[in-house]
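Results of the structural survey
As a plain string of letters, each chain reads:
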Amino acid sequence: MINETKQNNQKRIFSGIQPTGNLHLGNYLGAIKNWVNLQKEIPSIFSIVDLHAITVPQDPVKLKASTYEVTAAIIAAGIDINRSILFNQSSVKEHAELAWIFNCVCRIGWLNRMTQFKEKAGKNREKATVGLYGYPVLMAADILLYKATHVPVGDDQKQHIELARDIASAFNSMFKNQSEEDFFCLPEPQILGPATRVMSLRDGKKKMSKSDISDASRINLTDTKEQISNKIKKAKTDPLPLPETVNELQSRPEALNLLNIYSALSSQPITKTLEQFTGKGFSYFKPMLVELAVETLSPISSEMRVLLKDTKEIDKILKIGEEKARNIAQPILKDVKSLLGFIN
Ligand code: AQP
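Reading guide: rules and limits
- Residues numbered from 1 in each chain as written.
- Predicted model: local features only at pLDDT ≥ 70, side-chain atom pairs only at ≥ 80, totals over all residues.
- Heavy atoms only, no water.
- Domains from an automatic or database assignment.
- Contact = heavy atoms within 4.5 Å.
- Buried area = accessible area lost by both parts, 1.4 Å probe.
- Salt bridge = Lys/Arg side-chain N within 4 Å of Asp/Glu carboxyl O.
- Polar contact = N/O pair within 3.5 Å; in protein donor to acceptor, adjacent residues only side chain to side chain.
- Helix = DSSP H or I, 4+ residues; strand = E, 2+ residues; numbered from the N terminus.
- Phe/Tyr/Trp six-rings, centres within 6.5 Å; stacked < 30°, edge-to-face > 60°.
- Lys NZ or Arg CZ within 6 Å of the ring centre and 35° of its normal.

On to the domain arrangement of the chain, then. Splitting the chain by domain gives domain 1 (6-196 + 311-340) and domain 2 (215-306). Taking only C-alpha atoms into account, the centre of domain 1 sits 30 Å from that of domain 2. Tallying the contact residues gives 14 residues for domain 1 and 17 residues for domain 2. For the pair domain 1 and domain 2, the summed buried surface comes to about 1400 Å²; carbon and sulfur atoms form 75% of the total. Joining domain 1 to domain 2, the criterion identifies zero salt bridges. Inspection of the region where domain 1 meets domain 2 yields five residue pairs in polar contact (both at pLDDT 80 or more). Where the side of domain 1 that touches domain 2 is concerned, the elements lending two or more residues are α1 (25-38) and α3 (60-77).

Our focus in this paragraph is the packing of aromatic side chains. How two aromatic rings sit relative to each other is given by the distance of their centres and the angle of their planes. Counted by the stated rule, this structure contains 15 aromatic pairs. Consider the rings of Tyr262 and Phe285, whose centres lie 5.6 Å apart with planes at 50°: the pair is tilted. With Tyr262 in helix α10 (residues 253-265) and Phe285 in helix α12 (residues 282-308), the pair connects residues that are 23 residues apart, well separated along the chain. For the ring pair Phe282 and Phe285, a centre distance of 6.3 Å and an interplane angle of 80° mean the geometry is edge-to-face. Here Phe282 pairs with Phe285, and both are found in helix α12, just three residues apart, close to one helical turn. Three or more aromatic residues link up through ring pairs in this structure, and these residues are Phe102, Phe171, Phe175, Phe183 and Phe184. Its end group placed over the ring of Tyr284, Lys280 keeps NZ or CZ at 5.0 Å from the ring centre.

Printed below as a string of structure tokens:
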């Protein structure tokens, strides 16, 4: 018997972040800042995706510390835990269960196209874990377990959301309920704002990333005012003044990156930022960017420090989120199992 878990008219957001070290400006501008705005409009579920984190080797002590840090960062950045659901992925076992079911829907050929696996596995593909290969299947399960309709992410995750749509479509054609309706709606990526792919401060062609060995390549949410200032002042640029049009920035990736960061931090389109800085050099622009970055990030890092003093309180918050998430996930998974023909 299928429960009525269909919510095709009901919007719902799901997004996640890995507890794999310090969050950086890319995570903030590409994901969290948009989550904070969207949660006001659409019921939202946010997860610290530790099952994704272990697809590459993790030190258990650091993983635990990062889980607390990332939770604190998300709350400090403005996720309202009374409005949105915030929980740790591994605490809701239905994620892993649905991922297995989707492993039996997803085709190897689809996974072979995933560029993130190719980048992360590199030349050592034979030694990569099966989990890293199946990462996008777990991500599809994360989203579809809640029948989420909108998934706010950075540009790097677009291909994985397309795969989640493919899995949902395949499932819908394979398994129909009595009224022949599609079981899953197809989730839409929400890639928003002027900084959907924040680039490294050392190389404008490389994504800002937690795993970059150079700390100078990224601004961490926990960086001090001095660290932010030093990193921006040392950020790679070019000797030309800032141009009038975005087109003229296409051959200047480092300049484009800094202007995109400024625009995202000030919540304005890049054209507006260019109006402000046309003809000016980086010696004028960079201090303004430092000021804006410090103004945005300092309150987040101070609040994070306060929250991290009491990890028991964070445990409580995650526990509440876990229960709320499970209450949505369980009936949906039960319906999935009925459609498959499982007795449950
Ligand atoms: N540079 C970025 N610009 C914009 N958005 C970004 N995101 C990550 N990097 C950028 C977005 O942040 C969210 C959470 O990312 P994640 O922690 O799940 O994983 P990630 O993409 O693997 O992050 P990193 O920093 O790049 O980690 P490593 O170094 O381990 O690969 C996602 O919405 C992502 O799009």
